[in-house]
Amino acid sequence: MSETGFFPFSGFPDNTSQRMTAVASTTGGSMYLSPAISDISSNNVLGSDPKNSGAQRSIYYNVEDADGSVVQRQAIPGSAYIHFDETLDEIMRRYDVPGLAISITRNGEPVFVRSYGYADKEKEELVSDQSLFRIASLSKPITSAGILKLIQDGKLTLADKVFGAEGILADDFPEPADPNITQITINHLLTHTSGWPNSKRDPMLVDGAVTAREIITEQVQHQVLEHQPGSTVTYSNLGYSILGRVIEKVTGKPYQNFVQEEILHPAKVFGMQIAGDSAAEQAPKEVKYYQREHNPYSYNMARMDAHGGWLSSTGDLMRFMALIDRNPAIPDLIGENLLQTTYFGGDTWTHYGSLPGTTTVLSRVNDEYSFVVLANTRYNRSPNRIADEITDALREKILSMESWPTGVEQLATND
């Protein structure tokens, strides 16, 4: 069960190709960047065909009422956002998506915030923009921001070694069996060029009783790298788990505490937390996850912390996005020079997250627009399918909007 995505990345060594495949495990999703939105074809954008428009049936979205309850509201044909509603409704129906939440921002301000369907079908609880979802590999941008903040503060460098006698984690893990492991740097882990790819048996997904430190120890002691560090891009959950341990070593704090205190809370992001494993450990306002093929509640989420363990609402993710989007309307947490060392420097970039029961998208469309999409299922035969279709459709529709309703006008055209 693998996922693939494509992304050119200017920060890679000269001997690697500009356009590469990033292979992820079930937690992985994918990343891709492109220099221009014009590369995106609208020929296959769902909703552009009148047959798929949904005009012959009622479409409902969810809003929070004055008393705090979540209620359904009918999308009105001819309203400013009807094409968004029709497209998302069509995708949800085709892939049997129980619930979906979306937020689009322009220059850091929300211009479209919608939720559709159910957080819990059996209890008939509706999704809202306050609903929490497992975000899977959208956890990686959060970890990246934590590492870049430490570099900016002078506590790390991109060139720092991680393992071996000169490594940051020298006292925490044994001397590597493969000497190439001693050459792995912070930059290699950030850019998925460490030489440690995900495999069919991703070490971060097997044996839920084993800790992240035990898995890393096993890999350091007994595994040989598949590639020379810095030579090949191979998407790695393990690499981001290691970055979580680097954060803990350098700061002396648990990974979650550091990220919340230094990255999220200053941006007024207070709802994000590491997910629980089981339905009994569900957080308040967290959705239920649906997947026929696999049990969404069979994963050690705490162990996945730095590479796939976070919960978030759409609003909190967009507040985080404003810290790294290079839009001057809201000052970034990280300087542009550092952001340029990762895919955050791309003109447009998209990161997917995927788990059984989870599909997520975080996208910088261009210098003005960003969006996030969270859903509580995935199309397991092709885990990126829902994300691909929603991403392509939203980009086309965002760029076709000549103006966005605001205030009374927005209420008048949509309520």
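In this text the structure is predicted, and so the values were computed from the model without any measurement.

## Concerning the overall build of the chain
- Across its full length, the chain holds 11 helices and 14 strands.
- Counting over 415 residues, the chain shows a buried share of 58%.
- Pairs at least 24 residues apart make up 72% of the contacts formed inside the chain by residues separated by at least 6 positions.
- For the chain, the computed accessible surface area is about 16900 Å², with 47% contributed by carbon and sulfur atoms.

## Looking at the environment of Asp-388
- Inspection of the secondary structure assignment puts Asp-388 in helix 10 (residues 385-400).
- Considered as a pair, Asp-388 and Tyr-352 are 36 residues apart in the sequence and their alpha carbons are 9.0 Å apart.

## Some points on the packing of aromatic side chains
- This model, assessed by the stated rule, comprises 14 aromatic pairs.
- Pairing Phe-84 with Trp-404 gives two aromatic rings, centres 5.9 Å apart and planes at 40°, and the pair type is tilted. Of this pair, Phe-84 sits in helix 1 (residues 82-94) while Trp-404 sits in the loop between helix 10 and helix 11 (407-414), and the two are 320 residues apart along the sequence.
- Members of the aromatic cluster, connected to one another through ring pairs, are Tyr-81, Phe-84, Phe-112, Tyr-369 and Trp-404.
- Just above the ring of Tyr-61 sits the side chain of Arg-114; from NZ or CZ to the centre is 3.6 Å.
- Against the face of Tyr-290 rests Lys-121, its NZ or CZ located 4.7 Å from the ring centre.

## Things to note about helix 2 (residues 139-152)
- With 14 residues, helix 2 extends 20 Å between its outermost C-alpha atoms, agreeing within 8% with the 20 Å of an ideal straight helix rising 1.5 Å per residue.
- With respect to burial, helix 2 is a largely interior element, 13 of its 14 residues being buried.
- The positive-phi residue at the C-terminal boundary of helix 2 is Gly-154, with phi of around 80°.

## Details of helix 4 (residues 212-222)
- Within helix 4 the residues assigned to the buried category are Ala-212, Ile-215, Ile-216, Gln-219 and Val-220. All buried residues of helix 4 project into a common sector of 130° when viewed along the axis, lining one side.
- The elements touched by buried residues of helix 4 are helix 5 (237-251).

## Description of the sheet that holds strand 11 (residues 310-312)
- One open sheet accounts for three strands, arranged 9-11-10; its pairing is antiparallel. One side of each edge strand has no neighbouring strand; the edge strands of this open sheet are strand 9 (133-134) and strand 10 (273-274).
- Taken together, the two bridges between strand 10 and strand 11 define a ladder with antiparallel strand orientation. Residue Ile-274 lies in a different strand from strand 11, and its bridge partner there is Trp-310.

## Things to note about the pairing of strand 12 (residues 348-355)
- Counting buried positions along strand 12 gives eight out of eight residues, so the element sits mostly inside the fold.
- Here strand 12 shows a buried face lined by Thr-348, Thr-350, Tyr-352 and Ser-354 and a second buried face lined by Trp-349, His-351, Gly-353 and Leu-355.
- Of the pairings in the sheet, the one linking strand 12 to strand 13 (residues 358-364) comprises seven bridges and is antiparallel in character. Pairing of Tyr-352 across the sheet is with Val-361, part of strand 13.
- Between the end of strand 12 and the start of strand 13, which pair antiparallel, lie two residues, with Gly-357 showing a positive phi angle near 90°.

## Comments concerning the pattern of salt bridges
- Considering all chains together, one arrives at 20 salt bridges under this definition.
- Here Asp-96 and Arg-292 are joined by a salt bridge, their closest N and O atoms 3.1 Å apart. Remark: Arg-292 occurs in the loop between strand 10 and helix 7 (305-308) and Asp-96 occurs in the loop between helix 1 and strand 6 (99-106); sequence separation between them is 196 residues.
- Residue class for Arg-292 comes out exposed when judged on its relative accessible area of 75%.
- Across the pair Asp-316 and Arg-319 runs a salt bridge, and its minimum N-O distance is 2.9 Å. With a gap of three residues between them, Asp-316 and Arg-319 both fall in helix 8 (residues 314-321), about one helical turn apart.
- With a relative accessible area of 38%, Arg-319 lands in the partly exposed category.
- It is possible to trace a salt-bridge network through shared partners that takes in Asp-172, Arg-213, Arg-245, Glu-248, Lys-249 and Asp-305.

Conventions we followed
- Residues numbered from 1 in each chain as written.
- Predicted model: local features only at pLDDT ≥ 70, side-chain atom pairs only at ≥ 80, totals over all residues.
- Heavy atoms only, no water.
- Helix = DSSP H or I, 4+ residues; strand = E, 2+ residues; numbered from the N terminus.
- Buried < 20%, exposed > 50% of the residue type's maximum accessible area, 1.4 Å probe, protein only.
- Contact = heavy atoms within 4.5 Å.
- Areas by Shrake-Rupley, 256 points an atom, 1.4 Å probe, with all protein chains shown as cover.
- Phe/Tyr/Trp six-rings, centres within 6.5 Å; stacked < 30°, edge-to-face > 60°.
- Lys NZ or Arg CZ within 6 Å of the ring centre and 35° of its normal.
- Expected span 1.5 Å × (residues − 1).
- Arc of directions from axis to C-beta.
- Pairing = 2+ DSSP bridges.
- Salt bridge = Lys/Arg side-chain N within 4 Å of Asp/Glu carboxyl O.

By themselves these figures say nothing about function.
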